[in-house]
Each structure stands twice: as structure tokens, then as C-alpha cells.
Amino acid sequence: MTLELTGRFDTAELPRIADQPVTVTVARRVEPGYEPQFLRWADDVVETMAKFHGSLGAGVFHPGPDGGEYQIVFRFVDGIHL
């Protein structure tokens, strides 16, 4: 069975979910010695996210001098694009 949309379908008429910019953060603690591999991976994620329609950017925050977690931050124009 194949399903088809009939009639007009306009995504602008869908209910808005978080119609303001949305920020998502992901925290990761990295085992000592694995920082270079993690940062290469994180850079790839940031580069990939920048290509998505509605992306406002992404970035990686490093832990402070006393250690802690890396923070990856993603921003999108709204919840739908997220």
C-alpha cells in the first residue's frame, strides 16, 4: 500500500514548536589522552551542523584549567529546524 498526500500541504501552516531560536548543549567528559580524537570528532559535528537549513551555528567550549566537561552548543532558528 502506498500512501500519498492529497491536496495542498504547506509546512508554514504547521503548529510552531519553539518559534524562537533554540539552543541545545551537549556536555562530554573526555578521558585524558583522548582529547585530540574528541576534538576532531567535535569539529566534524560542528561542520556538519552548519550545513543544515535553519542552523545558526555551533561551537565547542573547552573545560577550564581545573578540568571538567567539554560543551558543544548548537543553535537553530526554531524547534522545527532543530
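See the structure shown above.
Caption draft 1: Fine view of the overall build of the chain. A tally of helices and strands in the chain yields one helix and three strands. Within the chain, the proportion of its 82 residues that are buried is 18%. In the chain, once contacts between residues fewer than 6 apart in sequence are set aside, the share between residues at least 24 apart is 60%. Carbon together with sulfur atoms contributes 55% to the accessible area of the chain, which is approximately 6500 Å² in total.

Caption draft 2: Representation of the side chain of aspartate 78 within the structure. Relative to the assigned elements, aspartate 78 resides in the segment after β3 (70-76). A polar atom in the side chain of aspartate 78 sits 3.2 Å from the backbone nitrogen of isoleucine 80.

Caption draft 3: Region of the structure containing the sheet that holds strand β1 (residues 22-28). Strand order in the open sheet made by the three strands is β1-β3-β2, with antiparallel pairing throughout. Strands with a single pairing partner mark the edges of an open sheet, and in this sheet they are β1 and β2 (55-61). Across the sheet, the mean angle separating the axes of adjacent strands is 10° when strand polarity is ignored. Note: β1 against β3, seven bridges, orientation antiparallel. Looking at β3, one finds that valine 22 is bridged to phenylalanine 76. Relative to the sheet, helix α1 (residues 35-50) contacts β1, β2 and β3, its axis offset from that of β3 by approximately 5°.

Caption draft 4: Spotlight on the nonpolar core. Core analysis: the largest hydrophobic core is formed by nine residues, namely Val30, Phe38, Ala42, Val45, Met49, Tyr70, Ile72, Phe74 and Phe76. For this core, the elements supplying multiple residues, two or more each, are α1 and β3.

Caption draft 5: Summary view of the packing of aromatic side chains. Per the stated rule, a full pass over the model turns up two aromatic pairs. Summarising the aromatic geometry, the rings of phenylalanine 38 and tryptophan 41 are spaced 5.7 Å apart at their centres and angled 40° between planes, so their arrangement reads as tilted. Taken together, the residues span about one helical turn, with phenylalanine 38 and tryptophan 41 both in helix α1 at a distance of three residues. With 4.9 Å between their ring centres and 50° between their planes, phenylalanine 38 and tyrosine 70 make a pair best called tilted. Highlighted residues: phenylalanine 38 in helix α1 and tyrosine 70 in strand β3, separated in sequence by 32 residues. As far as burial versus exposure is concerned, phenylalanine 38 and tyrosine 70 are alike and both buried. What links up through ring pairs into an aromatic cluster is the set Phe38, Trp41 and Tyr70.

Reading the values: rules and limits
Residues numbered from 1 in each chain as written. Predicted model: local features only at pLDDT ≥ 70, side-chain atom pairs only at ≥ 80, totals over all residues. Heavy atoms only, no water. Helix = DSSP H or I, 4+ residues; strand = E, 2+ residues; numbered from the N terminus. Buried < 20%, exposed > 50% of the residue type's maximum accessible area, 1.4 Å probe, protein only. Contact = heavy atoms within 4.5 Å. Areas by Shrake-Rupley, 256 points an atom, 1.4 Å probe, with all protein chains shown as cover. Polar contact = N/O pair within 3.5 Å; in protein donor to acceptor, adjacent residues only side chain to side chain. Pairing = 2+ DSSP bridges. Axes fitted to C-alpha atoms, helices over the stretch in contact; angles between N-to-C directions. Core = buried A, V, L, I, M, F, W, Y, C linked by side-chain atoms within 4.5 Å. Phe/Tyr/Trp six-rings, centres within 6.5 Å; stacked < 30°, edge-to-face > 60°.

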